[in-house]
Amino acid sequence: MLCGAAVFSAIELPTEREAKERWEERLENFTRRHNLSRAELRHFLREYEEASVAGIRVDDIRPRWDFTGAFYFVGTVVSTIGFGMTTPATVGGKIFLIFYGLIGCAGTILFFNLFLERLITVIAYIMKSCHERQLRRKGALPHNSRWGSGTSEVDSLAGWKPSVYYVMLILCVASLIISCCASAMYTPIEGWSYFDSLYFCFVAFSTIGFGDLVSSQNIKYESQGLYRFGNFVFILMGVCCIYSLFNVISIVIKQSINWILKKLDCRCCHKCQRKLFRSRRNVVMPGNVRSRRNISIETDVVNESDTDGRRLSGEMISMKDFLASNKVSLAIMQKQLSETANGYPRQMSSNSKQNGFSGGVGALAIMNNRLAETSVDR
């Protein structure tokens with residue numbers, strides 16, 4: 001956030017100052033030309049700002065609160081886009097918006113998670129079929145075999161899942177195609193440049209929703225019904241793809257951070273191990289903790305018994321081993337919570353760790369299913 005603020009401030013602040021200077025100069029010339037006081041003119045401009053909040057513009061625009069306008073408004077509410085060009089002005093409307101937003105936003109997030117899960121399922125099926133064809137060409141699979149048959153080669157591929165990087169690439173390409181097609185539609189109809197149309201697509205699809213550019217706001221369009229339907233479809237598809245892409249990118253960022261922390265932790269553990277070995281000979285060394293970084297929770301429970309045996313022998317235990325044993329207990333509890341939330345025992349495999357997907361694939365399911373892995377990997 002600090003880096004982003006510094007970059008945007010350096011880029012946008014000079015333009016803001018120039019615009020403010022031009023506006024002050026125009027305001028001064030207008031008051032002098034029409035013999036008006038600055039106070040009266042500012043009061044009139046404040047009244048126009050209030051009218052603008054209610055949906056009044058200098059140019060003719062579509063009604064904000066007819067049924068189609070209200071439907072567009074609730075779409076921006078439940079999708080959390082929130083362009084801001086239409087807002088409730090009455091107390092009743094604001095109260096209803098609070099309760100409607102609670103239910104509508106929650107339902108839409110659930111829809112996005114289910115969409116992500118189904119999308120990953122389709123991508124996994126397609127990529128698995130391509131992977132099967134490649135293996136058959138190389139002769140690793142019999143031509144008459146199917147997934148889940150009794151051969152050892154097929155059994156070893158039964159739990160195969162696509163790499164998270166391939167899924168991220170597919171979602172990037174899909175989002176780019178949707179944005180380019182939508183921009184080709186917005187450019188001639190809305191009168192925007194193609195770059196502004198791409199900018200609007202990202203702001204809308206990512207649910208940032210600044211409101212500086214908003215589609216389907218003019219009072220009349222050519223082929224109006226078809227355009228509004230296309231606008232609805234593009235926004236729906238774009239929001240779903242960008243939301244899915246954000247979730248997959250978050251997994252990649254998480255894996256990168258864990259890899260960096262693991263590298264730093266290995267170096268720190270190596271240095272601490274040397275110091276402890278020189279200072280305290282009777283302390284249990286944390287080497288077994290470091291050697292179990294990539295082992296599953298089930299094997300951690302077995303290895304924990306070794307630590308307990310040394311503890312009963314009267315030897316002292318280091319603080320690192322004490323924290324590690326608590327971390328194993330916490331990982332077991334989180335694993336049980338994950339299995340209870342998903343309704344089935346969770347099967348872990350080396351493939352699931354490598355590709356970044358294990359268990360469910362929705363945004364919430366990804367978080368729940370990787371709690372145990374995160375606890376042990378760290």
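The protein is annotated in an unreviewed UniProt entry as Potassium two pore domain channel subfamily K member 13 from Strigops habroptila. Recorded in UniProt under Subcellular location (unreviewed entry), the annotation for the protein is "Cell membrane". Per UniProt, the protein carries the Sequence similarities (unreviewed entry) text "Belongs to the two pore domain potassium channel (TC 1.A.1.8) family."

Brief notes about the overall build of the protein
For the protein, the helix and strand inventory stands at 14 helices and two strands. With 378 residues in all, the protein has 33% of them scored as buried. The contacts in the protein between residues at least 6 apart in sequence include a share of 62% that link residues at least 24 apart. About 24,000 Å² of surface is accessible on the protein, with carbon and sulfur atoms providing 65% of the total.

Some remarks on the pattern of salt bridges
For the coordinates displayed, the defined rule picks out six salt bridges. Where arginine 38 meets glutamate 24, a salt bridge forms, and the shortest distance between an N and an O atom there is 3.0 Å. Note that arginine 38 is positioned in helix 2 (residues 38–53) and glutamate 24 in helix 1 (residues 2–33), a separation of 14 residues in sequence. Of the residues examined, arginine 38 reaches a relative accessible area of 27% and is grouped as partly exposed. Residue classification places glutamate 24 among the partly exposed residues on the basis of a relative accessible area of 31%. In this structure, arginine 32 engages glutamate 28 in a salt bridge whose closest nitrogen and oxygen atoms are separated by 3.2 Å. Of this pair, arginine 32 and glutamate 28 both sit in helix 1, separated by four residues, roughly a single helical turn. Sharing partners across several salt bridges, the network here consists of Glu24, Glu28, Arg32, Arg38 and Arg42.

Comments concerning the nonpolar core
Within the largest apolar cluster, 24 residues are counted, with the highest numbers of intra-cluster contacts made by Phe83, Tyr186, Phe200, Phe205 and Ile235. Of all elements in the fold, only helix 6 (164–190), helix 7 (194–205) and helix 8 (224–279) reach the threshold of two or more residues within this core. Broken down by element, the residue count for this core peaks at seven residues, all from helix 8. Sequence-distant contacts of phenylalanine 205, defined by excluding residues within four places in its chain, comprise Ile178, Ser179, Ala182, Phe234, Ile235, Gly238, Val239 and Ile242.

Regarding the UniProt feature "coiled-coil region" (unreviewed entry) in the protein
Those places that UniProt annotates as "coiled-coil region" (unreviewed entry) correspond, in this numbering, to residues 13–40. Secondary structure content for residues 13–40 is 86% helix and 0% strand, and the end C-alpha separation is 29 Å.

With respect to the environment of leucine 245
Looking at the secondary structure, you find leucine 245 in helix 8. Separated by 77 residues in sequence, leucine 245 and methionine 168 have C-alpha atoms that sit 6.3 Å apart. Non-local contacts of leucine 245, meaning those with residues more than four positions away in its chain, are made with Met168, Leu171, Cys172 and Ser175.

Quick notes on the packing of aromatic side chains
All told, the structure shown has eleven aromatic pairs when counted by the stated rule. Here phenylalanine 111 and phenylalanine 112 contribute two aromatic rings whose centre-to-centre distance is 5.9 Å and whose plane-to-plane angle is 50 degrees, an arrangement assigned as tilted. Given a relative accessible area of 41%, phenylalanine 111 falls into the partly exposed group. Residue class for phenylalanine 112 comes out buried when judged on its relative accessible area of 7%.

Concerning the packing of helix 1 against helix 2
In the contact formed by helix 1 and helix 2, the axes pass within 10 Å of each other and the chain directions differ by 115 degrees. In the crossing of helix 1 with helix 2, the sense of the turn from one axis to the other is right-handed. Residues Trp23, Glu24, Leu27, Glu28, Phe30 and Thr31 of helix 1 touch helix 2, and the partners they reach there are Arg38, Leu41, Arg42 and Leu45. Counted by class, the contact of helix 1 with helix 2 contains five nonpolar, one polar and four charged residues.

Some thoughts on unusual backbone geometry
One non-glycine residue with positive phi stands out, namely asparagine 35, at about 55 degrees. A relative accessible area of 71% places asparagine 35 in the exposed class.

Definitions and limits used
- Residues numbered from 1 in each chain as written.
- Predicted model: local features only at pLDDT ≥ 70, side-chain atom pairs only at ≥ 80, totals over all residues.
- Heavy atoms only, no water.
- UniProt positions renumbered as here; feature names shortened; annotations may be inferred.
- Helix = DSSP H or I, 4+ residues; strand = E, 2+ residues; numbered from the N terminus.
- Buried < 20%, exposed > 50% of the residue type's maximum accessible area, 1.4 Å probe, protein only.
- Contact = heavy atoms within 4.5 Å.
- Areas by Shrake-Rupley, 256 points an atom, 1.4 Å probe, with all protein chains shown as cover.
- Salt bridge = Lys/Arg side-chain N within 4 Å of Asp/Glu carboxyl O.
- Core = buried A, V, L, I, M, F, W, Y, C linked by side-chain atoms within 4.5 Å.
- Phe/Tyr/Trp six-rings, centres within 6.5 Å; stacked < 30°, edge-to-face > 60°.
- Axes fitted to C-alpha atoms, helices over the stretch in contact; angles between N-to-C directions.
- Left-handed = near helix turned anticlockwise from the far one by under 90°.
- Nonpolar A, V, L, I, M, F, W, Y, C, P; charged D, E, K, R; others polar.

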